[in-house]
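The primary structure of each chain is shown beneath.
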Amino acid sequence: MKWFPGFGFQRRNRELKEEIDAHLQMAIADRVARGEAEETARQAAAREFGNILLVQDVTRQMWGGGWFEPLGRDVRYALRQLRKSPGFTITATAMLAVAICANSTVFSWIDGTMLRPIPGARDTDDLVSLQRGERNFSPTPPFSYLDYRDLREQNHTFAGILAYHHDWITLTGGALPERAYIANVSANYFDVLGIKPVLGRFFLSEEETRPAIPNVVLSYSLWKTRYAADPAIVGKSIEIARHPVTVIGVAPEGVVGAMPGIREDLWVTLDPLGTDVWRMTHRSGGAVWLNVIGRLRPGVSRGQAAQDLDTVMHNIVAAFPDDHLGDNRITLDPMWRSPFGANGYMAATLPILLAFAAVVLLLTSANLATLTLVRFVSRRRELAIRQSLGANRIQLVRQMVLEGVVLSIVAGAVALVLTSWTSKTFAWFFPANSNPLILNGSMDHKVVIGIAVSSLLAGMLCGALPAWRSAHAPAIEVLKAESASISGGSRNRKLLSGLVVAQIALSLPLLVCSGLFLRTLRNLAGANPGFEQDHILTASVGLNIAGYSHDEEQVIRHKILDRVSALPGVKVASLTDWIPMTLGHKGDDAYPEGYVPHPHESLQVYHAEVAPRYFESLHIPILEGREFTPDDDEKAPRVLIVDQTAARRYWPGQDPLGKKLRIWGGLFTVVGVARNSTHIFVNESPEPIVYMSFFQVGYETIVQVKTEGNPVDLAPAVENAIHEIDTRLPVFDVRPMRESTQMASSFAVVQSALAGMFALIGLVLAVTGIYGVVAYRTQMRTHEIGVRMALGASRVDVLRLVLLQGLWLTGMGMALGLAFALGLTRFIARLLYGIGANDPVTVVSVVMLLGAMSLLACYFPAHRAMRRNPVSAIREL
Amino acid sequence: MSEKDQYKNRIELLQGTLDMLILQTLQWGPQHGYGIVQALRLRSGDVLQVETGSLYPALHRLERQGWVQSEWKQSESKQKARYYRITAKGKKQLASDLDRWEQIVEAIGSVMYVKPEESAS
């Protein structure tokens, strides 16, 4: 085997041997010539020369390349040792690979989402997302154009601030209409992000407010798929919602917009058609529609920037108090945990899972360390011989650590291959939904470095500790009294016990957390959201994005309702513009008539626009008043139905019926009170919601059908019915309500799936760990047990002896683990539902499970020891 | 301290002088390791006994530093051996080693043979 042929190590080594041999031959020849006998001469020459191996070794050190050649030698030696025990090598590599892969998978997900919040953007660390008022998950866009413009122009701490708003739109003009996600953006959008076009140009600052410049920038993927990567696309006219627009540029590959986890397909200015003048010139109500992201100037901290913006905002509020009721304080978030888009959820989930994975790695290292230690103890004779041949302890430790490192490098390579696949599994956790989600892990240099670091650390951990301990043993003792130093001395025994205790102590919190997560998941699934999820089918109709006039839309909506209601198998049909538990919501400020809010008092409510029979189809009871009727249309006075929470908030202790709420500057009269139901998450704290009449203020159109049988079976019929009205009507996201609402528990699924897997690994490791150590120590004590039995100990005594030893370790580990778990569960309390962080049932069942498994693990070696024939046991040394 | 560490110390102790002695020996012609040991012993009247554990590391180090070159040749007694030959660079080194050696000897000598009146003052 030649490892470093280029360095001529083998050749030089051979020459050195020959040189020394020649020296000896000449010395012998001289002595023989002087009359000594051949044999005496040989012995005398050898004595005179000294320790040949040592001379070789010291001489080799003069060759330079100082560490490289000895290292090569050690690596070869380590490989030889590992090859000698393939069972250990394969088990250890597989265990390490799984543990490293657990870490790198979660890290690749973090890398693909939190660490790469805006793909293609420059220096995303300097970007912050701006939030006005309360900080919560999936907030509504917080700024009006005029407020945004003032913030942008009057601040002193930002290099640039961009604004955008995105929604679905229909691309017409081609063979088939196609739905795409379009963003209205400020002209500096790409500038602030630091993105350059691959074709054409991006927007100019003078294009921002000048209306009727219908220019569009295409995303790379849209340009490729829909426009066949036409190199001459710039300057051409395409059709969006039946309006001609001019392509001015194409964004680079991979650029998907500024909201983490959401894919934008094309970009236009804020008011490209000049039809949105109202939105561009007002500061409240429907004119609050922009998400805002800023790039901090170099050297400016987030705190300073927030203060600066607060000052500007304060002036805006002072100048336009009526437009700025509610909380106007500005908070800034780095993009990795920006509440807009997916990262808010990611930041709450993934770091905890990474911590779990790290515990698994630690656990695996402890397990491997016990295996390694046992192996080294059984190799102590070999080590002692090497030591007495002149190897010093550093060399021995280096060699043994190297065995660990070689293992972990192989395991790291395996993990790398595995991760390149598992990193892409993140998308599996998210059910089909109405958002253009592009969540997935990424596999870049950061992940590779992560794998390298964790595998090396693990290798050192499971190699160094046992190696140092084993190399400590005095060579003479070991050689002299092999059997007397049972299990390699008390030091090793303590280390082994410590490692077992550590494994149990680490696996217990994993089991407790996964138990809590699993029960949370069950509670979520079993919870009553307050509305019917089964037998409901929903279908989105892209009316507002297909370019119909408002009157046309109203006519089509009525037709849809009539046709779908008449379908066989349909019990109730209704319209809505919102589906609960799909992570989205709309919010606006609402004030009771005559109420003067305190400064910074936020009176935001969720709102949904629903048609007649909406509550009937979802089985949400109307507790007081009435449901909407077809008469609640644009000609009728504006009406509202509030839920119980909203009623209590605005009119505590009063009858809400007939009361009025001011929303968007208009007054809405309450005609009914609906029972509370779930809006976003099952475990949310109840937020007030007001329902408005769909035919008065509805915007998006979602058909909601209560079916007799399986809702999926009715999907084609519903689609056909809509297309019979107009074949060009885009219909999408046709799916059962059950499927849509899965989105609300997808993060709980991620948590419990991963935590469950990690806990299972932990359990297996802990149990095999304690089994291995108890079995090993019992084997080492075979002689002693034989003596005990010969002196009259019964089999039960032997069984008790071994079991107690194992249970003592388990008990210590569980005590430590419980303390660890109780400290740890506080961090996941937020993620639980229907169960306390220290739920006694979970803790007790985990303790019992772990205890039972350990008992079983100890029983086998104990049983074996008990069955031994004392006579043969005594003989065994 | 292991056996090996002791060897190392001895090398360090002798380093300057051993190098010089080897280079000086090679001044008289190419020689192999065994020959160098014998030559030093003969010339020093059996006083200097060079350990092989010092000699070979020193030879290999000198070669790496470019002060000696080696080649395999047959000895007079038909034994194939590695012969070391001093290089031009080695000769320069020998001169400077010798210089330093003489300085040290002189310095030590002036300490050891101090005149009595100076020591009294």
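Definitions and cut-offs
Residues numbered from 1 in each chain as written. Chains lettered and ligands numbered in written order. Predicted model: local features only at pLDDT ≥ 70, side-chain atom pairs only at ≥ 80, totals over all residues. Helix = DSSP H or I, 4+ residues; strand = E, 2+ residues; numbered from the N terminus. Buried ≥ 20, exposed ≤ 12 C-beta atoms within 10 Å, placed from the backbone. Contact = placed C-beta atoms within 7 Å. Arc of directions from axis to C-beta. Pairing = 2+ DSSP bridges. Expected span 1.5 Å × (residues − 1). pLDDT = per-residue confidence, 0-100. Core = buried A, V, L, I, M, F, W, Y, C linked by C-beta atoms within 7 Å. Domains from an automatic or database assignment. Nonpolar A, V, L, I, M, F, W, Y, C, P; charged D, E, K, R; others polar.

1. Focus: the overall build of chain B
If you tally the helices and strands in chain B, you get 5 helices and 3 strands. Along its sequence from the N terminus, chain B presents helices and strands in the succession α-β-α-α-β-β-α-α. Within the span of chain B, comprising 121 residues, buried residues form 30% of the whole. Counting contacts in chain B only where the partners sit at least 6 residues apart, residues at least 24 apart contribute 52% of the total.

2. Some remarks on helix 3 (residues 52-60) of chain A
Owing to its 3.6 residues per turn, the α-helix aligns residues three or four sequence positions apart on the same side. Buried residues of helix 3 of chain A: Val 55, Val 58 and Thr 59 of chain A, and no others. An end-on view of helix 3 of chain A places all buried positions within 100° of arc, on one side of the element.

3. Considering the environment of Ser 77 of chain B
Residues and elements named next belong to chain B. Along the chain, the position of Ser 77 falls in the loop between strand 2 (68-74) and strand 3 (80-86). When the 11 C-beta atoms within 10 Å are taken as the criterion, Ser 77 is described as exposed. The spatial distance from the C-alpha of Ser 77 to the C-alpha of Val 50 is 23 Å, given a sequence separation of 27 residues.

4. Digging into the pairing of strand 2 of chain B
Residue and element names in this part refer to chain B. The sheet contact formed by strand 2 and strand 3 spans 7 bridges and is antiparallel. Within strand 3, the residue paired with Trp 72 across the bridge is Arg 82. Connecting strand 2 to the next strand, strand 3, in antiparallel fashion are 5 residues, including Lys 78 with a positive phi near 65°.

5. Things to note about helix 25 (residues 795-824) of chain A
The end-to-end C-alpha distance of helix 25 of chain A is 42 Å, a good match for the 44 Å that 30 residues give at a rise of 1.5 Å each. Of all the residues in helix 25 of chain A, the buried ones are Val 798, Val 802, Gly 806, Leu 809, Thr 810, Gly 813, Met 814, Gly 817, Ala 821 and Leu 824 of chain A.

6. Quick look at the pairing of strand 3 (residues 158-172) of chain A
All names here are of chain A. Both strand 3 and strand 10 (residues 288-296) contribute to a ladder of 6 bridges, which runs antiparallel. Residue Ile 161 lies in a different strand from strand 10, and its bridge partner there is Gly 294. Both strand 3 and strand 4 (residues 178-185) contribute to a ladder of 8 bridges, which runs antiparallel. Its bridge partner lying in strand 4, Tyr 164 is registered against Val 185. Turn length for the strand 3-strand 4 hairpin, with the two strands adjacent in sequence and antiparallel, is 5 residues, and the turn residue Gly 173 shows positive phi of about 90°. Inspection of the sheet shows strand 3 paired to strand 7 (residues 237-240) by 2 bridges, in the antiparallel sense. By the bridge assignment, Thr 172 is partnered in strand 7 with Glu 239.

7. Observations concerning the confidence of the model for chain A
Residue and element names in this part refer to chain A. Of the residues in chain A, 94% reach a pLDDT of 70 or more, and the chain-wide mean stands at 87. In the model of chain A, helix 15 (residues 475-480) stands out as the element of lowest mean pLDDT, 58, in contrast to helix 7 (residues 189-193), which has the highest, 95. When the criterion is pLDDT under 50, residues 1-6 qualifies, and its contacts beyond four places in sequence or with other chains add up to 7 contacts. Here residues 482-488 is a poorly scored stretch, pLDDT under 50, and it has 15 contacts once near neighbours within four places are set aside; other chains count.

8. A look at the nonpolar core
Residue and element names in this part refer to chain A. Membership of the largest hydrophobic core comes to 122 residues, with the highest contact counts inside it found for Val 216, Leu 640, Val 690 and Val 703. Element by element, the count of residues in this core is highest for strand 3, at 8 residues. Each of two domains, domain 2 (124-337) and domain 4 (536-744), supplies a minimum of three residues to this core. If sequence neighbours within four positions are ignored, Val 216 has contacts with Ile 238, Ile 240, Val 245, Thr 246, Val 247, Ile 248, Leu 266, Trp 267 and Val 268.

9. Topic: the domain arrangement of chain A
Looking at chain A, the domain boundaries give domain 1 (5-66), domain 2 (124-337), domain 3 (345-526 + 746-875) and domain 4 (536-744). Look at where the C-alpha atoms of domain 1 of chain A and domain 2 of chain A centre, and you get two points 80 Å apart.

10. A closer look at the interface of chain A and chain B
The interface is formed by 18 residues belonging to chain A together with 20 residues belonging to chain B. Where the side of chain A that touches chain B is concerned, the elements lending two or more residues are helix 1 (9-33) and helix 3 of chain A. Broken down by element, the side of chain A that touches chain B gets its largest block of residues, 7 residues, from helix 1 of chain A. When its residues are assigned to classes, the side of chain A that touches chain B shows 10 nonpolar, 7 polar and 1 charged.

11. Describing the sheet that holds strand 3 of chain B
Residues and elements named next belong to chain B. Strand order in the open sheet formed by 3 strands is 1-3-2, and the pairing between neighbours is antiparallel. Pairing within the sheet leaves two strands with one partner each, and these edge strands are strand 1 (31-32) and strand 2. Here strand 1 pairs with strand 3 via 2 bridges, running antiparallel. The residue bridging His 32 from the neighbouring strand is Tyr 83, located in strand 3.

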